[in-house]
Amino acid sequence: MSIYNKINAGFSLGTGDPVTAGIEDVIYVFNQDDITITYDTSNPLIITGLTAVGGAKIYKFEGTNNSFSTMSKLAKTSVGPRYTEEIDFNIAGLSVDVKTQLMAMGYGRVKAIAVNNYNSSDSAIELFGAVNGLILTDAERNAADETVDGGYKLKLTNPDKLREPYPPRAVSIAPTSGSATYASTIAAIEALVG
């Protein structure tokens, strides 16, 4: 029987650690088959490990001034809830290398990790596209757009008709000894950055 068919807790707003909107100006993107994901055995919403396949790497995209955002939206379907996931980010650059990466994200599937501004919870770091991956669906460049200095505005989202069966997964990776923390999770991700 599913653990998700009955509520089992209530929540209230706290003043000690108020929720903060937005994500950090960094996302980590990797090819769908390049990193093996390990899930918590008692809760599939928690990722406890990321392991590179061969010499695969995670690629870090950095922005500024809150230029990145994420979205997860529930859609009821005849087989249960599904989630549309999106990540909007910018690349303030123009080169053949940038265009090559855009083409790769448009043709192949990737997964992405976002770091929430609110980092006092067990969902401070989230993985998008865990099951079906993400593809680049928008890559817009206006040479006169001063907000990104003529760079690209990008959107990663689920492939057509392939919504995720769960909301974005929490990434919580423990160090070799001790419990998982925000710092240990970031360190584990950064260790795979190429």
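Above: the structure in question.
Once a new chain begins, its residue numbering starts again from 1 and follows that chain's sequence as written. In keeping with the model being predicted, local features are shown solely for residues with a pLDDT of at least 70 and side-chain atom pairs are shown and tallied solely at 80 or more, while totals for entire chains, interfaces and linings include all residues. Excluded from the side-chain calculations are hydrogens and water; all other atoms, namely the structure's heavy atoms, are used.

**Q** I'm lost on the pairing of strand E3 (residues 46–52) in this one. Help?
**A** A regular strand carries its side chains on alternate faces of the sheet. Here a strand pair is declared whenever DSSP counts at least two bridges between the two strands. Per the convention used, a helix needs a DSSP run of H or I reaching at least four residues, while a strand needs a run of E reaching at least two, with both numbered from the N terminus. Alignment of strand E2 (residues 35–39) against E3, held across five bridges, turns out to be antiparallel. Across the sheet, the residue bridging to isoleucine 37 is leucine 50, located in E3. Turn length for the E2-E3 hairpin, with the two strands adjacent in sequence and antiparallel, is six residues. Where E3 lies against strand E11 (residues 169–171), two bridges are found, and the strand directions are parallel. The residue of E11 that forms the bridge with isoleucine 46 is alanine 170.

**Q** Mind showing me how you'd approach the sheet that holds strand E4 (residues 59–62) here?
**A** To summarise the sheet geometry, strands pair through backbone hydrogen bonds and adopt either a parallel or an antiparallel arrangement. In spatial order, the strands read E2-E3-E11-E8-E7-E1-E4; together these seven strands make up an open sheet with mixed pairing. Each end of this open sheet is capped by a strand with a single partner; those strands are E2 and E4. The average angle at which neighbouring strand axes cross in this sheet is 35°, direction not considered. By the convention used here, residues are in contact when the closest approach between their heavy atoms is within 4.5 Å. Each axis is a line fitted through C-alpha atoms, and for a helix only the stretch in contact is used; angles between axes span 0 to 180 degrees, taken between their N-to-C directions. Strands in contact with helix H2 (residues 182–190) are strand E1 (23–31), E3, E4, strand E7 (110–116), strand E8 (125–128) and E11; relative to E8, the strand with the most contacts, it is inclined by about 40°.

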